Amino acid sequence: MKLSLNNKNKYIFTSILLIAICFITYWPVLTHKFMVDDPAFVIKKYSKFFTQPSDFFIQTPATHHYEPFNNIINVNLFNIFEQPAPLYLINIFLFSFNCILFFSLLFKTSKNYKLALISSILFCLHPYNADLIQHITFNIIFFTSAAMCLSLICLTSHLEKPSRALYISSILLALLASFSQAISIIMPAYAFVFLLYYRTNFKKLVLIITPFILISINQLVIWFMLVGSKFKLGTRLEILHLSIWEIIRNYAHIIWLYLSNLINPKTIVFMYNFQPLRDNISLYCGITFITVLAVLISLIIARNKFYFLALPLFITGFLITIPAAVARPEQGFTFEPYWMYFSSIWIFCLFGSLIIKLATKINRTLLILFIAIISLFLFIHSQKQLSYGTSEIRYTVYWLKSSPGNALANQIFGELYFSNDLPVIDEMVDPLLEQINAYIKNDQPALAITLCNKIFKNKLKPEIIKRTAILKAAAYEKDKKPKKNKLMLRQIIDTYKKPDIYIQISSTFDQLKMSDTAINVLDECLLTYPKYKEALLLKGIILGNKEKYSESIEIWKKGLEIDPADQRFITLINAAEKLLNNKH
């Protein structure tokens, strides 16, 4: 479609406006450091993640996704830039380009400039995008979305005025998207909705959509091949054991959670697992499903009405949860929000449609004020979302709260503290101590000792210092430095001078598979506090875990003599005697 001068001016004005909004909203990211889940950039070891040329085409480490374009881009960016600022600048430019493309697609399809403009501005400001922009390795989402959007623009141009060049371009762009990120798997669904909207007859629809389907099938086959032994439909994949209604409930609940976060931004970084659904949500999930079904039926009946296009295109974005559930059988129905980046524009298109309809009901000044209030609300939440990324450490804490016990976050957490002189605050202590535990268990005591020393440099609560000191003693033991271990333990015991310190030390050593040292500590405790029943209880448990049931029984009998009313000793003695009899 050849643009008139008027339309060209609209495109130029809108492009400049969207770029300006993007930079005004997201410029704080330029002062950020690398994010913790950009691991290769954070620890300066990209070769650790991609070690062979084949990794650029079949990504074997860490994940099971087919993303060759992603790998090529980030390896080259890693080799060019050592500081994050230029990479964040690239992300802002890419996001701006996406917003312009989204506007172009909306304007081209709806023929309504105001609708396309309002929708694009709301999308541009939404805090959902802040997390994508402040992660270097999420740049691939912008590349993929650009390819998908250009593919749809070419497809709609072909539908309006048939052109072999435009159709081939649309297919090639869909192919490029399939090399970039898994979200492009659902391109046939988008193409199908547009073909319905443009009233394409059945035969033509099948011919046009077939190449898109073949591209997605190829992508799915490669994805499942990468999953390998994990791709077992009949074992851990609980989705197969759900009824149709339960699947609908799960699927609708994912949509509901996403929509609730878009409308009232709380935390956009979330990943939910539904095995099975925890809450009784039948009612509103049923309503959601019926609503979606009604809109899809409306789309078929009134296909040339643009406002019937938005919701079906948004809903189709969630289809990726189905192959993800199959490819990740241990996780079931899992949802990661960046999958919905491309589809999100259609919800903002729906908002834009409502605002345009509202314009016929209220005063123009009130309408502008209403749009300004919404924009300000989104802008404030975007700034809040960006504030979580002011440093790798702060974002790690935020990330760990969203996904407690995340092994990758803890690993990078440790790496960051080795390479930087960073302060330790209370909310960072638990993940640090968890990582120290991991280092000791994985026979890396030197790394554990280094992290302990980092914690000691900070003014923290006595309980934290005590826990850290015990772990440092355990690291010395693991490092085969018994003198330093004994000296450390003596300092801890002399400092706290209470019998429960022995219990804490012994429990820690026992959890770290150092049961002999744990028993020695308890023996010392019983020399000082011979009637301390908790020491007898724990010593018996440790010995029982080593299958020394006779010794456990004798120790627990001593505890029972001290306190005949303590039912714990009676229960444990009975259990140990049964195990002993079975053993013989």
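Residues numbered from 1 in each chain as written. Predicted model: local features only at pLDDT ≥ 70, side-chain atom pairs only at ≥ 80, totals over all residues. Heavy atoms only, no water.

A. Here's a closer look at the overall build of the protein chain. Helix and strand counts for the protein chain come out as 27 helices and two strands. The proportion of buried residues among the 584 residues of the protein chain is 53%. Taking the intrachain contacts of the protein chain between residues at least 6 apart in sequence as the baseline, contacts between residues at least 24 apart amount to 72%. On the protein chain, roughly 27600 Å² of surface is accessible, and the fraction owed to carbon and sulfur atoms is 64%. (Helix = DSSP H or I, 4+ residues; strand = E, 2+ residues; numbered from the N terminus. Buried < 20%, exposed > 50% of the residue type's maximum accessible area, 1.4 Å probe, protein only. Contact = heavy atoms within 4.5 Å. Areas by Shrake-Rupley, 256 points an atom, 1.4 Å probe, with all protein chains shown as cover.)

B. Up close: the packing of helix H5 (residues 113–125) against helix H16 (residues 364–387). Two numbers describe how H5 lies on H16: the axes approach to 8 Å, and their chain directions differ by 25 degrees. By the criterion of interaxial angle, the relationship of H5 to H16 is roughly parallel. Here Ile118, Leu122 and Leu125 of H5 come into contact with H16, specifically with Ile371, Ile374, Ser375, Leu378, Phe379 and Ser382. For the contact of H5 with H16, a count of residues per class yields seven nonpolar, two polar and no charged. (Axes fitted to C-alpha atoms, helices over the stretch in contact; angles between N-to-C directions. Parallel < 35°, antiparallel > 145°, perpendicular 65-115°, else oblique. Nonpolar A, V, L, I, M, F, W, Y, C, P; charged D, E, K, R; others polar.)

C. Local environment of the packing of helix H23 (residues 500–511) against helix H24 (residues 515–528). The interhelical angle for the contact between H23 and H24, taken along N-to-C directions, is 165 degrees, at an axis separation of 7 Å. Between H23 and H24, the angle falls in the class roughly antiparallel. The handedness of the crossing between H23 and H24 is left-handed. Contacts between H23 and H24 pair Tyr502, Ile503, Ile505, Ser506, Phe509 and Asp510 from the former with Ser515, Thr517, Ala518, Val521, Leu522, Glu524, Cys525 and Thr528 from the latter. For the contact of H23 with H24, the class distribution of residues is eight nonpolar, four polar and two charged. (Left-handed = near helix turned anticlockwise from the far one by under 90°.)

D. Representation of the nonpolar core. One finds Phe95, Phe314, Tyr341 and Trp346 to be the most contacted residues of the largest nonpolar core, which totals 93 residues. At 13 residues, helix H4 (residues 84–110) tops the list of elements feeding residues into this core. The contacts of Phe314, once residues within four sequence positions are left out, are Ile255, Tyr258, Leu259, Leu262, Met340, Ser343, Ser344, Trp346 and Ile347. Core analysis: the second largest hydrophobic core is formed by 44 residues, Val429, Ile501, Leu512 and Ile555 among them. (Core = buried A, V, L, I, M, F, W, Y, C linked by side-chain atoms within 4.5 Å.)

E. Structural view of the side chain of Asn129. Topologically, Asn129 is positioned in helix H6 (residues 128–133). Among the polar contacts made by the side chain of Asn129, one reaches the main-chain carbonyl oxygen of Phe123 at a distance of 2.7 Å. Leave out the neighbours within four places in its chain, and Asn129 touches Tyr26, Phe95, Phe123, Cys124 and Tyr341. (Polar contact = N/O pair within 3.5 Å; in protein donor to acceptor, adjacent residues only side chain to side chain.)

F. Region of interest: unusual backbone geometry. Positive phi outside glycine occurs at Lys111, with the angle close to 60 degrees. Looking at the element boundaries, Lys111 is found in the loop between H4 and H5. Even without being glycine, Glu547 reaches a positive phi, approximately 65 degrees. Summarising the element assignment, Glu547 is placed in the loop between helix H25 (533–545) and helix H26 (549–562).

G. Focus on the packing of aromatic side chains. Within the structure shown, the criterion is met by 20 aromatic pairs. Ring geometry for Tyr502 against Tyr529: centres 6.3 Å apart, planes inclined by 70 degrees, an arrangement best described as edge-to-face. Separated by 27 residues along the polypeptide, Tyr502 in helix H23 and Tyr529 in the loop between H24 and H25 bring together distant segments of the chain. Among the aromatic residues, those joined into a cluster by ring pairs are Tyr26, Phe95, Phe102, Phe123, Phe142, Tyr190, Tyr341, Phe342, Phe348 and Phe351. For Lys466, the ring lying beneath its charged end belongs to Tyr496, and the centroid distance is 5.2 Å. (Phe/Tyr/Trp six-rings, centres within 6.5 Å; stacked < 30°, edge-to-face > 60°. Lys NZ or Arg CZ within 6 Å of the ring centre and 35° of its normal.)

H. Spotlight on the pattern of salt bridges. Summed over the entire model, instances satisfying the criterion amount to 13 salt bridges. A salt bridge links Glu524 to Arg490; the nearest nitrogen and oxygen atoms lie 2.1 Å apart. Linking Glu524 in helix H24 with Arg490 in helix H22 (residues 482–496), this pair joins segments that are 34 residues apart in sequence. Of the residues examined, Glu524 reaches a relative accessible area of 26% and is grouped as partly exposed. What makes Arg490 partly exposed here is its relative accessible area of 34%. Residue Arg568 is joined to Asp566 by a salt bridge in which the shortest nitrogen-to-oxygen separation is 2.9 Å. The exposure class of Asp566 is buried, given its relative accessible area of 8%. Residues joined in a network through salt bridges with shared partners are Lys533, Glu534, Asp563, Asp566 and Arg568. (Salt bridge = Lys/Arg side-chain N within 4 Å of Asp/Glu carboxyl O.)

I. A look at the side chain of Thr517. When you line up the elements, Thr517 lands in helix H24. Given a relative accessible area of 11%, Thr517 falls into the buried group. Within the local environment of Thr517, its side chain forms a polar contact with the side chain of Glu477, the two groups lying 2.9 Å apart. Apart from the residues lying within four places of it in its own chain, the contact partners of Thr517 are Glu477, Asn485 and Phe509.

J. Representation of helix H20 (residues 445–456) in the model. When the terminal C-alpha atoms of H20 are compared, their 16 Å separation across twelve residues agrees well with the 16 Å that a helix rising 1.5 Å per residue should span. Considered for burial, the residues of H20 that qualify are Pro445, Ala448, Ile449, Leu451, Cys452, Lys454 and Ile455. (Expected span 1.5 Å × (residues − 1).)

K. Inspection of a nonpolar patch on the surface at higher detail. There is a patch of nonpolar side chains on the surface, built from Ile213, Leu214, Ile217 and Val221 and spanning about 330 Å² of accessible area. By the element assignment, Ile213 lies in helix H10 (residues 202–227). For Ile213, a relative accessible area of 35% puts it in the partly exposed group. (Patch = residues over 30% accessible without salt bridge, like charges linked within 9 Å, V, L, I, M, F, W, Y side chains within 5 Å.)

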